[in-house]
Amino acid sequence: MKYKKIVKAKFIRKLNRFTAEVELDGEIKLAHLPTTARLRELLIPKATCYLEEATNKNRKTPYTITSIVKNGEILNIVSTVANDLVYNSIVNGEILSNLKIKDLKKEVKFSHSRFDMGFTTEDGKEGFIEVKSVNLKRNNIAMFPGSPTQRGRKHLKELSHAKREGKIAVLVIVVLFEEMDYFTANIATDPEWSKELLNSIGEGVEIYAYNSKVKEDSIEIKEEVKVDLGYSIEKGDEKNKFLFKKDEDVLGSFKLTKVKEALENNFTRNEAEDYLLLSEVEILDKSEKSVELVISFVEQLTSDKKLDILKIETKENDRDKFLEKILIKIGYEELNLKDNSSRKIFKKFVDK
């Protein structure tokens, strides 16, 4: 899919849910934000972005932001583009060929619901497809949803209903960027969507996920990617302690405390700084992936609370040296503390 009249600009600030200011050729312009996701990790002042000029010259926002550049990678943010990508890819025989789809239609009603697509198969079975677009990325992990979505939970329940009625029910996840390790449900932002997704899959709803090849003026589905689900974060038996689980297995634990301290001047109080402190991280399966997942979810929680800084405390032991190696890999830096304690503090601006 190609965009028309694409221009390069700088993101300035978000004005409201669907409107932002951008700088184009030295002038401030209004641009439409085509997504309901928060995107705090992308919508950073002075970030390079690409705009599509509106065909309606009288529109209040003369441009639409189609993509944002972060760490040299172009990430598409147009939520509605996913439906067109999936429809065209099915018609062209590029995805879901195993379903042997014969007749594909957009916006199809079922009971009291409306799915993104409906189809019949070569052997006469009826099916429905719901599409979700992903533009949230944490440490190379693609996550959905980017904000709590009651509507998204309703869609999953409707797919389960269709499956119980003997229909084929399919959820297609479209990741609107290319570089990623796998897709998972965002249990930090909306744990209920994650639970509903597992319920739906348990009832026979099929799930497929694809990443996208994104350029300045185009986007297309690239290939099927791995889906890894079943994670949860639950309160432990101690204050501020949480358990990180996969299905019913505890993979690790950590403490998460909201504090107000400046880490300079020997930890003297400073009411101006508000952040989350992650400490006593213990990963039972000794997996780098589990550590990255825990920290990625906590980073998202930090972002959801509109706190820019996550600080992680470690100790001088072999277990935490393993943790520190991973922290540095995913962009944390060590603070220079003036006291002589055995602890270390690593920090990261989680939205920058």
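Because the structure is a prediction, the values reported are computed rather than measured.

Engineer: Is there a simple way to explain the domain arrangement of the chain in this structure?
Structural biologist: When the parts of a complex come together, some accessible area is lost, and that lost area is often taken as the interface size. Domain assignment breaks the chain into domain 1 (6–76), domain 2 (80–224) and domain 3 (232–349). A separation of 33 Å is found between the C-alpha centroids of domain 2 and domain 3. Each partner contributes residues to the interface: domain 2 has 13 residues there, and domain 3 has 14 residues. For the pair domain 2 and domain 3, the summed buried surface comes to about 1,100 Å²; carbon and sulfur atoms form 55% of the total.

Engineer: Please explain the packing of aromatic side chains as it appears in this structure.
Structural biologist: For any pair of aromatic rings, the description rests on two quantities: the centre-to-centre distance and the angle between the ring planes. Under the definition given, this model contains seven aromatic pairs. The interplanar angle of 0 degrees and the centroid separation of 5.5 Å between the aromatic rings of Tyr231 and Phe244 together place this pair among those described as stacked. Placement of Tyr231 in strand E16 (residues 231–235) and of Phe244 in strand E17 (residues 241–246) is noted, with a sequence separation of 13 residues between them. Since its relative accessible area comes to 7%, Tyr231 is described here as buried. Ring plane angle 55 degrees and centroid distance 6.4 Å describe the contact between Phe244 and Phe297, whose orientation is recorded as tilted. Of this pair, Phe244 sits in strand E17 while Phe297 sits in helix H4 (residues 288–304); the two residues are 53 residues apart in sequence, bridging distant segments of the chain. For the pair Phe244 and Phe297, one class covers both residues: buried. An aromatic cluster is defined as three or more aromatic residues linked by ring pairs; in this entry it consists of Phe110, Phe115 and Phe128. The residue whose ring lies beneath Lys106 is Tyr87, and the NZ or CZ to ring-centre distance is 4.6 Å. Sitting over the face of the ring of Tyr182, Lys289 holds its NZ or CZ atom 4.7 Å from the ring centroid.

Procedures and definitions
Residues numbered from 1 in each chain as written. Predicted model: local features only at pLDDT ≥ 70, side-chain atom pairs only at ≥ 80, totals over all residues. Heavy atoms only, no water. Domains from an automatic or database assignment. Contact = heavy atoms within 4.5 Å. Buried area = accessible area lost by both parts, 1.4 Å probe. Phe/Tyr/Trp six-rings, centres within 6.5 Å; stacked < 30°, edge-to-face > 60°. Helix = DSSP H or I, 4+ residues; strand = E, 2+ residues; numbered from the N terminus. Buried < 20%, exposed > 50% of the residue type's maximum accessible area, 1.4 Å probe, protein only. Lys NZ or Arg CZ within 6 Å of the ring centre and 35° of its normal.

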